[in-house]
Amino acid sequence: MAAICLGVLCAAPARAQSADGRTSGTPLSGPPAWATAWAGSVQGPYPVGNPSAQPDQSFAFPNPAEGARDQTLRLVLRPDMWGREARLRISNAFGTRPLTLDGVHAGLHLGGAALVPGTNRPVRFGGQDRVTVPPGGEAWSDPVALPFAADPDAALLAGRKLAVSLHVVGVSGPMTWHAKALQTSYATAPGAGAHGTDEGEAAFPYSTASWFFLDAVDMAVSAPTPVVVAFGDSITDGTASTMNGDDRWPDVLSRRLHARLGNRVSVVNAGIGGNQVVGPAEYGPHKPFPGGPSALSRLDRDVIGLSGVASVIWLEGVNDFSRNGEATLEAVQAGMREGVARLRAGIPGVRVIGATLTSAKGSSSPAHGHPEQDEKRRGLNAFVRESGLFDGVVDFDAATLDPASGGLRPEMVPESTTGGKGDRLHPNRAGYLAMGSGIDLGVVLRGR
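Let me begin by describing the structure that accompanies this report. Everything numeric here is computed off the predicted structure, so don't read it as measured data.

Considerations on helix α2 (residues 249-261)
Okay, step 1: Along its 13 residues, α2 runs 18 Å from first to last C-alpha, staying within 8% of the 18 Å computed at 1.5 Å per residue.
Okay, step 2: What α2 keeps buried is the set Trp249, Pro250, Asp251, Val252, Leu253, Ser254, Leu257 and His258.
Okay, step 3: Gly262, located one to two residues past α2, shows a positive phi value of around 65 degrees.

Structure follows, in structure tokens:
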């Protein structure tokens, strides 16, 4: 089946889902076709990671080795587009014991941990209200109808958030998570039982700035809906942007694309704070690293395994050149060549866009800002611009660089959520706005 195109933007055909939730190479013979509307790349077992604005988690999860215990998580997320049906991907990628969930529900978020009355719907797996995911595994849910999204193109749905409730049966063990959600979600007390049916917030006293177990949401689409994946590290994940503000650079890009294409495009964020292209050499639940597994080792799950991917914007490498990585420029260049080749093999027709690295010069982080890092950064930027490897280039360095200092522009430094002085590594809201606003939509939309 050939790729399907919307104007000049093409999407790969949807792949069929088997009874166990895996995708195959066989295109769906009829509706629904699926497009990923949200992703939260899992990075390891809680609490190893780099969260931002994290509340004290010791009351919700007093024993990290035990994880969640007979309690309900209400995870709040913003789908980038809507459909009449959704499906959820549950991950136990970094768990060490089987994860059993029941009482899974999805509803329209109202505020706090509360739902819009009447919107909450049960989610099933293979027709059952319970699913067990083995260590290292994942499971797709059955399609769940979203009556409140009966008109997915309705302007008033844009930007609304979905609340997904998961009840952990027994003890989860180490929890597979995405640390830096920059979005508040909620949890009941340990031992509180199943509260996924609750529309109110009384049962959810604890908050978290992370997502657990859930790592992708697809929406059913009846028209071509290309998915753009933002793939990278903390500068894609959104460090120093505004908590609950949805003002990372992928969010800015999303709003620009939706202004042009309405509900017929999706931008999803596959960034992980601290991530590297080629490091660490080893990763697993018993040997975790705060930046998660390397980009190359998570490429299949976090990009190729998503639905309807048409374009990938890859911004990464600064952590490889930090004191935490110490990779050579040649190793990162080789890693990018390998990654691009795998993307093109795994997603026929995909458009892979390289992004230049923003400056870390003068950073207050002990791992960043040294001259060797900046020399390698500039070398990688030349490679991204000049090698011909990529189908297009986004020049984030040009959008954020202060020519006088060689670092970030001064107005892009102060931290947006805490009001701190910033670390001169992560752009703030002003920086992300410049990055997202400076992307030539033709680079994202045009065919090769």
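A word on the packing of aromatic side chains
Okay, step 1: Taken as a whole and assessed by the stated rule, the structure comprises eleven aromatic pairs.
Okay, step 2: Taken together, a centroid distance of 5.2 Å and an interplanar angle of 55 degrees make the contact between Phe61 and Phe212 tilted. In this pair, Phe61 is assigned in the loop between β6 (44-45) and β7 (72-77) and Phe212 in strand β19 (residues 211-212), connecting sequence segments 151 residues apart. Residue Phe61 shares its accessibility class with Phe212, and that shared class is buried.
Okay, step 3: Taking the centre distance of 4.9 Å and the plane angle of 55 degrees together, the rings of Trp249 and Phe396 count as tilted. Here Phe396 lies in helix α6 (residues 396-400) and Trp249 lies in helix α2, a separation of 147 residues in the sequence. Each member of the pair, Trp249 together with Phe396, is buried.
Okay, step 4: Clustering of aromatic rings is evident, with ring pairs tying together Tyr46, Phe61, Trp177 and Phe212.

Quick word on the pairing of strand β8 (residues 85-91)
Okay, step 1: Counting buried positions over the seven residues of β8 gives six, a clear majority of the element.
Okay, step 2: Bridge count between β8 and strand β14 (residues 144-145): two bridges; the pairing is antiparallel. By the bridge assignment for β14, Glu85 is matched with Ala145.
Okay, step 3: For β8 and strand β20 (residues 214-221), the ladder comprises five bridges, and the chain directions are antiparallel. Across the sheet, the residue bridging to Arg87 is Asp218, located in β20.
Okay, step 4: Here β8 runs beside strand β13 (residues 138-140); their pairing, made up of three bridges, is antiparallel. Residue Arg89 lies in a different strand from β13, and its bridge partner there is Trp140.

Section: helix α3 (residues 295-304)
Okay, step 1: Counting buried residues along α3, eight of its ten residues qualify, which places the element largely inside the surrounding structure.
Okay, step 2: Listing the buried residues of α3 in full gives Ala295, Leu296, Arg298, Leu299, Arg301, Asp302, Val303 and Ile304.

Reading the values: rules and limits
Residues numbered from 1 in each chain as written. Predicted model: local features only at pLDDT ≥ 70, side-chain atom pairs only at ≥ 80, totals over all residues. Heavy atoms only, no water. Helix = DSSP H or I, 4+ residues; strand = E, 2+ residues; numbered from the N terminus. Expected span 1.5 Å × (residues − 1). Buried < 20%, exposed > 50% of the residue type's maximum accessible area, 1.4 Å probe, protein only. Phe/Tyr/Trp six-rings, centres within 6.5 Å; stacked < 30°, edge-to-face > 60°. Pairing = 2+ DSSP bridges.

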